[in-house]
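# Report on the structure
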Amino acid sequence: MLTDTPQLPLGCYRLGFSGTTGSRLFPGSAWRGALGHALRRLACLTGAPDCRGCLEVHRCAYAYVFDTPIPPGAVKMRLYAQAPHPFVLREVRADTGIDLHLTLVGRSNAYLPLLVLALMQAAENPLGISGHRLRLLSVDQAATPGDDAWTRIDAANGILTPLAPQCPVVPELAAGDIEITFETPLRVKRAGQHVRETNFHFSDLFGNLLRRVSMLSYFHTDKPFETDFRAVMAAARLVASHTQLRWDDQPRHSARQNQDMNLGGVVGTLRMAAADIAPFWPILWLGQFIHAGSVATMGLGYYTIASLTSATPDPKGP
């Protein structure tokens with residue numbers, strides 16, 4: 001069904017932090033906000049209040065990672081102010097404290113040292129992350145995205161020796177059923193409205209992923225992904241799925257807007273026959289690493305995929 005295989009080189013990094021946080025995990029918005037402020041202090045050369053209109057906007061690390069303006073000559077998203085940001089943050093509880101997983105897409109991997117420095121400074125300054133000061137202990141990298149084996153890439157002198165970014169290896173699709181579990185709220189829209197748990201379809205997820213992979217590859221790699229998007233989406237709308245979903249609101253405080261808000265999305269499971277999703281399998285597998293939906297940079301839209309032995313969805317759920 002796909003006329004091209006997506007090639008999206010990723011750098012998957014794990015930053016280990018220690019601190020007096022107990023078992024607390026911080027919202028992704030706290031990490032993203034702290035990183036943004038620290039990176040701007042390190043990278044901004046002009047001190048302009050806004051990236052738009054700045055003479056350095058197309059050469060600045062902060063602008064590229066956090067503002068991501070549409071470059072001159074782009075033929076896609078020309079009516080938009082921003083392209084998709086080339087990073088994803090996701091926090092995981094660890095034995096020694098907190099692991100922050102950082103995924104960088106394509107050319108953004110060149111800024112890894114600056115991003116690590118910004119995260120270290122953000123965590124160690126008096127404000128810390130949500131008021132907690134943390135100390136960076138280690139930086140590891142997965143040789144291949146999805147690999148459970150991590151390689152230490154930081155040295156005592158602070159020099160990073162990262163491995164080259166790699167495209168995730170797509171495993172063979174097993175027979176039976178496939179279950180997708182939305183671990184963090186997934187926010188996708190259909191006809192301008194957020195899709196709720198009561199009317200969610202496979203195509204809502206896949207359509208968002210298809211566009212996300214296409215745009216990330218176009219703006220952040222040397223090999224844009226192209227296919228017959230209309231035909232692929234028409235086929236995706238025919239895929240039947242069994243859902244066990246609920247709506248989950250995650251509160252966050254927006255410093256820019258100076259107000260509290262909820263970032264709601266669906267969590268739970270989506271189950272389909274493996275044979276039905278075979279034409280879409282590479283995109284689905286890749287989506288585990290780049291997340292789906294809006295505000296993916298904060299860790300939302302994270303999902304995992306599991307193979308099930310039963311070929312027929314149980315109407316009462318798995």
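Because the structure is predicted, anything quoted here is derived from the model rather than measured. (Residues numbered from 1 in each chain as written. Predicted model: local features only at pLDDT ≥ 70, side-chain atom pairs only at ≥ 80, totals over all residues. Heavy atoms only, no water.)

### Some words on helix 7 (residues 281–290)
Counting buried residues in helix 7 gives nine out of ten residues, a clear majority hidden from the surface. Buried within helix 7 we find Trp281, Ile283, Leu284, Trp285, Leu286, Gly287, Gln288, Phe289 and Ile290. Where helix 7 ends, the next residue or the one after it, His291, has phi of about 65 degrees, a positive value. (Buried < 20%, exposed > 50% of the residue type's maximum accessible area, 1.4 Å probe, protein only. Helix = DSSP H or I, 4+ residues; strand = E, 2+ residues; numbered from the N terminus.)

### Thoughts on the pattern of salt bridges
What the rule picks out here adds up to eleven salt bridges. Note that Arg271 is salt-bridged to Asp177, the shortest N-O span being 3.1 Å. One end of the pair, Arg271, is in strand 10 (residues 259–273); the other, Asp177, is in strand 6 (residues 177–186), with 94 residues separating them in the sequence. Taken as a pair, Arg271 and Asp177 share a single burial class, namely buried. Between Glu197 and Arg196 there is a salt bridge whose closest N-O contact spans 3.7 Å. Classification of Glu197 by relative accessible area gives partly exposed; the value is 24%. Judged by relative accessible area, which is 38%, Arg196 ranks as partly exposed. (Salt bridge = Lys/Arg side-chain N within 4 Å of Asp/Glu carboxyl O.)

### Regarding the packing of helix 4 (residues 202–220) against helix 7
Between helix 4 and helix 7, the shortest axis-to-axis distance is 10 Å and the interhelical angle comes to 70 degrees. Classified by the angle between their axes, helix 4 and helix 7 sit roughly perpendicular to one another. Residues Phe202, Leu205, Phe206, Leu209, Leu210, Arg212, Val213 and Leu216 of helix 4 lie in contact with helix 7, whose contacting residues are Ile283, Leu284, Leu286, Gly287 and Ile290. The class makeup of the residues in the contact of helix 4 with helix 7 is eleven nonpolar, one polar and one charged. (Axes fitted to C-alpha atoms, helices over the stretch in contact; angles between N-to-C directions. Parallel < 35°, antiparallel > 145°, perpendicular 65-115°, else oblique. Contact = heavy atoms within 4.5 Å. Nonpolar A, V, L, I, M, F, W, Y, C, P; charged D, E, K, R; others polar.)

### A closer look at the environment of Pro72
Mapping Pro72 onto the fold places it in the loop between helix 2 (61–67) and strand 2 (87–94). Spatially, the C-alpha atom of Pro72 lies 34 Å from that of Pro185, the residues being 113 residues apart in sequence.

### A look at the sheet that holds strand 1 (residues 10–19)
A sheet is described by the order of its strands in space; here five strands give the open sequence 2-3-1-4-5, paired in antiparallel fashion. Lying at the two open borders of the sheet, with one neighbouring strand each, are strand 2 and strand 5 (150–152). Each neighbouring strand pair of the sheet contributes to a mean axis angle of 30 degrees, computed without reference to strand direction. Note that strand 1 and strand 3 (residues 97–105) share eight bridges and pair antiparallel. In the sheet register, Leu10 faces strand 3, and the bridge partner there is Val105. Here helix 1 (residues 28–43) sits on the sheet in contact with strand 1, strand 2, strand 3 and strand 4 (134–142), set at roughly 125 degrees to strand 2. Together, strand 1, strand 3 and strand 4 form the strand contacts of helix 3 (residues 112–124), whose direction differs from that of strand 4 by roughly 155 degrees. (Pairing = 2+ DSSP bridges.)

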